[in-house]
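Now for the letters of each chain:
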Amino acid sequence: MRKTIAVVALDPLAGASYTQEIKELFGDYADVKGYSVRDGSATGKLPRADLFIISTDAYGSAEEVARHVPIDSEVMSIEVTFRWKTLEQLWKIPKGTSILHRGDAVYSADR
């Protein structure tokens, strides 16, 4: 039986990327639907899903998650990592080069 997975992110571009990665991971085993806070698709009560995967910056608190995710839902958070192909590109930057690494969330700006 196919499972349903809801991916919720703050930013619609990040959400589309996360959704695509989850689709690639699960293939035909799951129906994956993406939502974004900024584009308004993650407002109100979200439709039921077998699993909600939520980026840490999408909602401000556990209470806010509870307002949008149906009661008794399975929820996990998204941990951002680099793919090998991204790391390979970063390794090509000459040692000593100044770079700016930016996140799209205010709380991550100081990391």
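For the structure, see preceding data.
Everything quoted here is computed from the prediction, not taken from an experiment.

1. A look at a nonpolar patch on the surface
Item 1. A cluster of nonpolar side chains, contributed by F82, L90, I93 and I99, occupies part of the molecular surface with about 360 Å² of accessible area.
Item 2. As for its position among the elements, I93 is in the segment after helix 3 (84-91).
Item 3. With relative accessibility at 33%, the residue I93 sits in the partly exposed group.

2. A few points about the nonpolar core
For soluble globular proteins, the rule of thumb is that nonpolar side chains tend to be buried together.
Item 1. Core analysis: the largest hydrophobic core is formed by twelve residues, namely A6, V8, Y35, A42, L46, A49, F52, I54, A58, Y59, V65 and V69.
Item 2. Taken together, the elements giving at least two residues each to this core come down to strand 1 (3-9) and strand 3 (51-55).
Item 3. Sequence-distant contacts of V69, that is, excluding residues within four places in its chain, are made with K45, F52, I54 and V75.
Item 4. Formed by ten residues, the second largest nonpolar core is a distinct cluster that contains I5, A14, Y18 and I78.

3. What about the sheet that holds strand 3?
Item 1. Taken in spatial order, the four strands make up an open sheet running 2-1-3-4, and their pairing is parallel. Here the strands that pair on one side only, and so sit at the sheet edges, are strand 2 (30-36) and strand 4 (75-78). Pairs of neighbouring strands in the sheet enclose a mean axial angle of 20°, with direction left out of account.
Item 2. Strand direction decides the pairing type here: strand 1 and strand 3, joined by four bridges, are parallel.

4. Structural notes on the side chain of S55
Item 1. Tracing the sequence through the fold places S55 in strand 3.
Item 2. At 2.8 Å, the side chain of S55 and the side chain of D57 are in polar contact.
Item 3. Setting aside its immediate chain neighbours within four residues, S55 contacts V8, A9, L10, Y18 and I78.

5. Description of the pairing of strand 2
Regular strands have side chains that alternate between both faces of the sheet.
Item 1. Bridge count for strand 1 against strand 2 is seven bridges, and the pairing is parallel. Its bridge partner lying in strand 2, A9 is registered against S36.
Item 2. For the segment spanning strand 1, helix 1 (residues 12-26) and strand 2, crossover handedness is right-handed.

6. Side note on the packing of aromatic side chains
Item 1. Following the criterion strictly, the structure yields one aromatic pair and no others.
Item 2. Against the face of Y35 rests K33, its NZ or CZ located 5.7 Å from the ring centre.

7. Overview of unusual backbone geometry
Item 1. Within the chain, D72 stands out as a residue other than glycine whose phi angle is a positive 65°.
Item 2. Positionally, D72 belongs in the loop between helix 2 (62-68) and strand 4.
Item 3. By relative accessible area, which is 78% here, D72 ends up exposed.

8. Section: the pairing of strand 3
Item 1. Counting buried residues in strand 3 gives four out of five residues, a clear majority hidden from the surface.
Item 2. Note that the unit made of strand 3, helix 2 and strand 4 has a crossover that is right-handed.

Parameters at a glance
- Residues numbered from 1 in each chain as written.
- Predicted model: local features only at pLDDT ≥ 70, side-chain atom pairs only at ≥ 80, totals over all residues.
- Heavy atoms only, no water.
- Patch = residues over 30% accessible without salt bridge, like charges linked within 9 Å, V, L, I, M, F, W, Y side chains within 5 Å.
- Areas by Shrake-Rupley, 256 points an atom, 1.4 Å probe, with all protein chains shown as cover.
- Salt bridge = Lys/Arg side-chain N within 4 Å of Asp/Glu carboxyl O.
- Helix = DSSP H or I, 4+ residues; strand = E, 2+ residues; numbered from the N terminus.
- Buried < 20%, exposed > 50% of the residue type's maximum accessible area, 1.4 Å probe, protein only.
- Core = buried A, V, L, I, M, F, W, Y, C linked by side-chain atoms within 4.5 Å.
- Contact = heavy atoms within 4.5 Å.
- Pairing = 2+ DSSP bridges.
- Axes fitted to C-alpha atoms, helices over the stretch in contact; angles between N-to-C directions.
- Polar contact = N/O pair within 3.5 Å; in protein donor to acceptor, adjacent residues only side chain to side chain.
- Right-handed = clockwise from strand over helix to strand, strands pointing away.
- Phe/Tyr/Trp six-rings, centres within 6.5 Å; stacked < 30°, edge-to-face > 60°.
- Lys NZ or Arg CZ within 6 Å of the ring centre and 35° of its normal.

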